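# Commentary on secondary and tertiary structure
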Amino acid sequence: MASSSHSLASSAFFSTTPARKLPGSDRFPLSKSLLCRKIPGFSSSTVSVPVCCSNYASSDEKFSSGKKIVDSIFVACTSVALSFSLFLADVDSASAFVVTSPRKLQTDELATVRLFQENTPSVVYITNLASRQDMFTLDIFEVPQGSGSGFVWDKNGHIVTNYHVIRGASDLRVTLADQSTYDAKVVGFDQDKDVAVLRIDAPIDKLRPIPIGISADLLVGQKVFAIGNPFGLDHTLTTGVISGLRREINSAATGRPIQDVIQTDAAINPGNSGGPLLDSSGNLIGINTAIYSPSGASSGVGFSIPVDTVSGIVDQLVQFGKVTRPILGIKFAPDQSVEQLGVTGVLVLDAPPNGPAGKAGLLPTKRDSYGRLILGDIITSINGKKVTNGTDLYRILDQCKVGEKVIVEVLRGDQKEKIPVVLEPKPDES
């Protein structure tokens, strides 16, 4: 009875048919002993045991899943091994596995960076010191009253800057790019063109003269670079283009016109004065000297004295300590006063007898015995070049030399006369 019930129970769970081949078993071979077992108490015929038979129905998915598990284990083991080797390895060896992407710059950016790096050592910072006396102790001390920029002209220690940067200074200090500071002496200056030359006693290896270019062939739209120390911020680079050429500004010291000035939109602020204006090759083409701005900050209209003008002035200052410039030896009325008289030209107010114009016979403005104003000569041309105002007069004289004889045409009363005048240097430059 027990045997028959056992037989019935076994028939409910086991099949006496030979074990069939499962799908995918050829790719995932299993030992036959795992599929077919002999059950004690039964016949010797092989009994198939459906071990996980339902899972084998999706053996393809199981194989794929198993492969992923194996791959994950392999990657994890590899990572652990690599981390362990890096931990034991030297730091320099580990750095070989660190990849840093280099900073990528455009071609024009690289050129600008190179220009700044090559020319910065030539730009200096100038401090204008003034002497003050303490009202209680009467001690004399120095206080900074201004600052500006400049640049190294040659290996002899000559520094070029604007005259208005050093005007009124009792002492001057020049700071080079390496922050070394030297006392500076004034070699000479030209107030009319706002140019000054200083000299410092610095080692030759610390002096890097700036490359000198030319300004005669400049074009509007050409890219330019300004390096200076605006607001005390040392070695600041600004870029722009040439906005205009042959501009004219007046010297801050004497009011004489400065011709052929370069106009640029490169930002020029207080402290940039005296700094270099460079072309795209890094050559000097001008000295930053002035801005047009109601607020005093950069408004996009800056002016630079052209290097062709500066070179001749610097050569004279270095060689002679002064600039010899011819004069007529007169004082003339403001242009507005002459316009109110309804005439065109330069009205002579004074012509000292020992001056060139006085010696030649030009008549000054004076009053008669009744206090009535008698107009002096009105200069209308020099050497055939028309003179309409004081700017024209200065422009013509800048093209002349000391000792040169010029023909001055004047309006005297209702008559025009031509008077020869021999030009002389300024009294303090003779």
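Below is a short write-up of the structure.

Rules of the game
- Residues numbered from 1 in each chain as written.
- Predicted model: local features only at pLDDT ≥ 70, side-chain atom pairs only at ≥ 80, totals over all residues.
- Heavy atoms only, no water.
- Helix = DSSP H or I, 4+ residues; strand = E, 2+ residues; numbered from the N terminus.
- Buried < 20%, exposed > 50% of the residue type's maximum accessible area, 1.4 Å probe, protein only.
- Contact = heavy atoms within 4.5 Å.
- Areas by Shrake-Rupley, 256 points an atom, 1.4 Å probe, with all protein chains shown as cover.
- Patch = residues over 30% accessible without salt bridge, like charges linked within 9 Å, V, L, I, M, F, W, Y side chains within 5 Å.
- Salt bridge = Lys/Arg side-chain N within 4 Å of Asp/Glu carboxyl O.
- Core = buried A, V, L, I, M, F, W, Y, C linked by side-chain atoms within 4.5 Å.
- Phe/Tyr/Trp six-rings, centres within 6.5 Å; stacked < 30°, edge-to-face > 60°.
- Expected span 1.5 Å × (residues − 1).
- Pairing = 2+ DSSP bridges.

## Here's the deal with the overall build of the protein
Along its length, the protein carries 11 helices and 24 strands. Across the 430 residues in the protein, those meeting the buried criterion constitute 36%. The long-range fraction of contacts in the protein, counting pairs at least 24 apart against all pairs at least 6 apart in sequence, stands at 60%. With the model as given, the accessible surface of the protein reaches about 25000 Å², and the carbon-plus-sulfur share is 56%.

## Section: the environment of V220
Its location among the elements puts V220 in the loop between β8 (195-200) and β9 (223-228). Measuring from C-alpha to C-alpha, the distance between V220 and Q263 comes to 9.1 Å, with 43 residues separating the pair along the chain. Contacts of V220, omitting those with residues within four sequence positions, involve I242, S243, G244 and L245.

## Quick notes on a nonpolar patch on the surface
On the surface, L105, L110 and V113 cluster together to form a nonpolar patch covering roughly 210 Å² of accessible area. Within the fold, L110 resides in helix α6 (residues 107-119).

## Notes on the pattern of salt bridges
As a working rule, side chains carrying opposite charge can pair if their charged atoms are close by. For the coordinates displayed, the defined rule picks out 13 salt bridges. When the shortest N-O distance is used, the salt bridge between D201 and R199 registers 2.8 Å. The class for D201 is exposed, based on a relative accessible area of 57%. R395 is the salt-bridge partner of E248, the closest N and O atoms lying 2.5 Å from each other. Placement of the pair is E248 in strand β10 (residues 236-250) and R395 in helix α11 (residues 390-398), with a sequence separation of 147 residues. Take E248: its relative accessible area is 34%, and that puts it in the partly exposed class. Bridged by salt links that share partners, the residues D190, D192, K193, R325 and D398 form one connected network.

## So, the nonpolar core
Ranked by size, the top nonpolar core spans 24 residues in total, and within it F151, V160, V195, L284, V310 and V314 carry the most contacts. For this core, the leading source of residues is helix α8 (residues 307-320), giving five residues. Filtering out sequence-adjacent residues up to four positions away, V314 remains in contact with W153, V160, V195 and V197. Judged by nonpolar contacts, the second largest core, of 20 residues, contains A351, L362, I396 and V406.

## Some points on the packing of aromatic side chains
Taken as a whole and judged by the stated rule, the model has three aromatic pairs. Note on F151 and W153: the rings are 6.5 Å apart at their centroids and 40° apart in plane angle, and the pair reads as tilted.

## Concerning α8
The α-helix winds at 3.6 residues per turn, so residues separated by three or four positions along the chain end up facing the same way. Over its 14 residues, α8 extends 20 Å from the first C-alpha to the last, a length consistent with the 20 Å expected when each residue adds 1.5 Å. Taken together, the buried positions of α8 are occupied by V307, V310, S311, I313, V314 and L317. G321 lies just past α8 and shows a positive phi near 80°.

## Things to note about the pairing of strand β11 (residues 257-264)
By the criterion of burial, β11 is predominantly enclosed, with seven of the eight residues buried. Summarising the sheet, β10 and β11 pair through five bridges and their orientation is antiparallel. If you follow I242 over to β11, its bridge partner there is T264. Hairpin connection of β10 to β11: six residues between the antiparallel strands, including G255 at a positive phi of 85°. Looking at chain direction, β11 and strand β14 (residues 302-306) are connected through three bridges and run antiparallel. Residue pairing across strands places I262 opposite S304, the latter belonging to β14.

## Describing the environment of A333
Summarising the element assignment, A333 is placed in the loop between β16 (331-332) and α9 (335-340). Separated by 17 residues in sequence, A333 and D350 have C-alpha atoms that sit 9.2 Å apart. For A333, the contacting residues outside a window of four places in its chain are V338, L347 and L349.

It is worth stressing that arrangement in space is one thing and function is another; only the former is reported here.
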